[in-house]
Amino acid sequence: MKLSHVIESQQFTVPLIHELFARARQMEATVRHGGTRDYERRIMATLFYGSSTRTRFSFEAAMQRLGGRVLSTESAQDFSSEIPGEHLEDTIRIIGGMCDLIVLRSRERDGAKRAAAISPVPVINAGDGEGGQHPTQALLDLYTIQQECRTVNGLTVVFMGALDAGRTVRSLAYLLGKVERNRLIFVAPPEVQIAKDILRYLDDHGVRYELTSDPAKVLPQADVVYQTRIDPDRLRSLDVKPAAYNLDLETLARLKPSSVLLHPLPRSVEIDPAVDQDPRAAYFRQARNGLFVRMALLTMLLEP
Ligand code: CP
């Protein structure tokens, strides 16, 4: 199956997800053998309005492992000649005339959608504005769940942190709503709970979910814990104990032996580094999977 653009999680059907995962597994073998030259005539541009370590490096490594070349700018608002008031569309038209694919991290929630509407080449949303989406992160998250749990169906997935504006949680919730019989539990203080548009989507698709502010009640049920960033100052302003939603060795003891612990990273205080040694801590394997999933996506977008 060929893809035109990657803009939001909702566009991925279950067959498309399975094809992507099959390709990602092949890419693991390709990387073990040092990569391929299959895409040596192709050029990818990464245009990031904002900083990134994982997403930009893994896309760039992915293209280079496929034999392709990369044009890149981070903090494009500072390191390109885009002037205040210049339209994103103009920039995309220019860059799209020089490459075969654009990876875009926009500051605007609909930036990737607007770019795709006029781009002469495929556009990948590498994370858009606050409360937007990060679909390639969600795809690598789901791939990691498949690799770690040996299934993406029938799981209890606990999301914990500041969930209201988290684009990775939003995108993964959409994807988990596509696969079968999962139960999603959103754990956060009420003021930063998951947004209503996601709950409406889950309702419309018959996905079971619960909202709670009590981690202790639900962590023992989790097959997957998806921890996200939470600003301690924000919790203090809500009169919540800053450590209430953190994971440390004490909370880890409440998890099932088979649980898998994910985090899109970067992390701050919400996961104690002591947890890293536990075999259930899969977040560095998760980040590594970004390389294979993004290689697979590039092949699906660049296929003639
Ligand atoms: N997970 C993620 O998007 O990380 P970066 O901001 O480093 O790309």
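Use the structure listed above.
First, a word on scope: everything that follows refers to the structure included in this document. (Residues numbered from 1 in each chain as written. Predicted model: local features only at pLDDT ≥ 70, side-chain atom pairs only at ≥ 80, totals over all residues. Heavy atoms only, no water.)

Moving on to the site of the ligand. Near the ligand, the surroundings consist of Ser52, Thr53, Arg54, Thr55, Arg105, His134, Gln137, Pro264 and Leu265. Note that an oxygen atom of the ligand is positioned 2.6 Å from one of the side-chain N or O atoms of Ser52. The separation between an oxygen atom of the ligand and a polar main-chain atom of Arg54 is 2.9 Å. Of the pockets mapped on this structure, the ligand occupies the largest pocket. The residue makeup of the shell around the ligand, split by class, is 2 nonpolar, 5 polar and 2 charged. Two domains each put at least three residues into the shell around the ligand: domain 1 (9-134 + 290-302) and domain 2 (135-286). (Near = heavy atom within 4 Å. Polar contact = N/O pair within 3.5 Å; in protein donor to acceptor, adjacent residues only side chain to side chain. 1 Å grid on protein atoms, 1.4 Å probe; cavity = no way out; pocket = protein on both sides within 12 Å on 5 of 7 lines; lining within 4 Å. Sits in = over half its atoms within 2 Å of the grid points. Nonpolar A, V, L, I, M, F, W, Y, C, P; charged D, E, K, R; others polar. Domains from an automatic or database assignment.)

Taking strand neighbours across the sheet as the criterion, the 4 strands line up as β2-β1-β3-β4 in an open arrangement whose pairing is parallel. Since the sheet does not close on itself, it has two edges, and those belong to β2 (69-73) and β4 (123-125), each with one partner. Sheet twist, expressed as the mean angle between neighbouring strand axes with direction ignored, is 20°. One ladder, built from 3 bridges, connects strand β3 (residues 101-105) with β4; its direction is parallel. Note that in β4 the partner of Leu104 across the bridge is Asn125. Each of β1 (43-48) and β3 touches helix α4 (residues 88-96); the most contacted strand, β3, lies at about 150° to it. (Pairing = 2+ DSSP bridges. Helix = DSSP H or I, 4+ residues; strand = E, 2+ residues; numbered from the N terminus. Axes fitted to C-alpha atoms, helices over the stretch in contact; angles between N-to-C directions. Contact = heavy atoms within 4.5 Å.)

The values reported here are purely geometric and, on their own, carry no functional implication.
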